[in-house]
Amino acid sequence: MQTVARVLLLVCLAQPFSALAIFDDCLEYFPRSEIPSLAQPGRDLCFDGFAIYYSPVDKKPIYVVEKLNRERLTKPKQARSNLFYEEARLPAAERASLSDYRGSGYDRGHNAPAGDMSDERSMAQSFSLANMMPQARQNNQGIWAKNVEEPTRQYAKRIDGDIYVYTGSVGKVGSIGSNHVTVPEYLFKLIYDPSRNLAWAYWIQNTDDAPMMAPISYQDLALKTGIDFHLPASVATSSKAMHVRPERWNATRPFHGFKNYQP
């Protein structure tokens, strides 16, 4: 049976990639099992705890989706493996390699963060290069980790039920390595809380000195990325609807996360 599965996988990878993702083995990570729509072609990859829609052209994720909740995030903390690896399920011509990042000046920035992983297997899988994007070092280790990833985890821990998180990047300011891995211009993270029919998104420039700006609406993110995430048309997206200190938000002023939010 395993031999048949391997043959089927090889047949699929031999086919031209398309804009139609399937995600047969991990639809539970998507809200209402609905896959986002977009024109950009890619390949779908399922992992333990997250799923990736991957660009063989840019050699980085188009988006990554996770389903987070209190139970998952309060399990005993896993040690980081830090064992980055090339994704063998992708054809060699479509992969990023370890050498692409070496000496590039960019971090291997996680889309699905290692800090979200609840067991040894998912932690190890989170270090696939298919889950990485070239990210400005101070950005990755600074505002992205402290003011985007960590507040998202804290929100998931404080509420009852699941939240769905999409992470990705868009634009191009260059490339790295012999495989020409695209360096994105902007990074995004969309949080959707179905229990409150609530969504917001972080939109951060991929630079070391990028300021932490106020969240943007789901609709604004869809326009900026060209991705229809198929959230309900009635989803609340205004700063007032989020109930997270809207008086502190300003389109021209840095924003410092949801640390003080109490639902």
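Now for a description of the structure that goes with this document. Note that the structure is predicted; figures quoted are calculated from it, not measured.

The tally for this structure, following the rule as stated, stands at one disulfide. In this model Cys26 forms its disulfide with Cys46; the gap between the sulfur atoms is 2.0 Å. Here the disulfide of Cys26 and Cys46 is left-handed, its torsion about the S-S bond being about -65 degrees. Of the two residues, Cys26 is situated in the loop between helix H1 (2–14) and strand S1 (43–47) and Cys46 in strand S1; the sequence distance between them amounts to 20 residues. With a relative accessible area of 1%, Cys26 lands in the buried category. Given the relative accessible area of 22%, Cys46 is considered partly exposed.

With that settled, consider the pattern of salt bridges. Counting across every chain of the model gives ten salt bridges. A salt bridge links Arg121 to Asp48, with the nearest nitrogen and oxygen atoms 2.5 Å apart. Taken as a pair, Arg121 in helix H4 (residues 120–125) and Asp48 in the loop between S1 and strand S2 (50–55) lie far apart in primary sequence, 73 residues in all. With relative accessibility at 55%, the residue Arg121 sits in the exposed group. On the basis of relative accessible area, Asp48 is assigned to the partly exposed category, the value being 29%. The partner of Arg72 in a salt bridge is Glu66, and the shortest N-O contact between them spans 3.5 Å. Via salt bridges that share partners, Asp116, Glu150 and Arg153 belong to a single interconnected network.

This part takes up the environment of Glu149. Turning to its location among the elements, Glu149 is positioned in helix H5 (residues 137–158). It is 8.6 Å that separates the C-alpha atoms of Glu149 and Lys189, two residues lying 40 residues apart in sequence. If we ignore the near neighbours within four places in the chain, the residues touching Glu149 are His110, Pro113, Trp144 and Lys189.

How each quantity is defined
Residues numbered from 1 in each chain as written. Predicted model: local features only at pLDDT ≥ 70, side-chain atom pairs only at ≥ 80, totals over all residues. Heavy atoms only, no water. Disulfide = S-S within 2.5 Å. Helix = DSSP H or I, 4+ residues; strand = E, 2+ residues; numbered from the N terminus. Buried < 20%, exposed > 50% of the residue type's maximum accessible area, 1.4 Å probe, protein only. Salt bridge = Lys/Arg side-chain N within 4 Å of Asp/Glu carboxyl O. Contact = heavy atoms within 4.5 Å.

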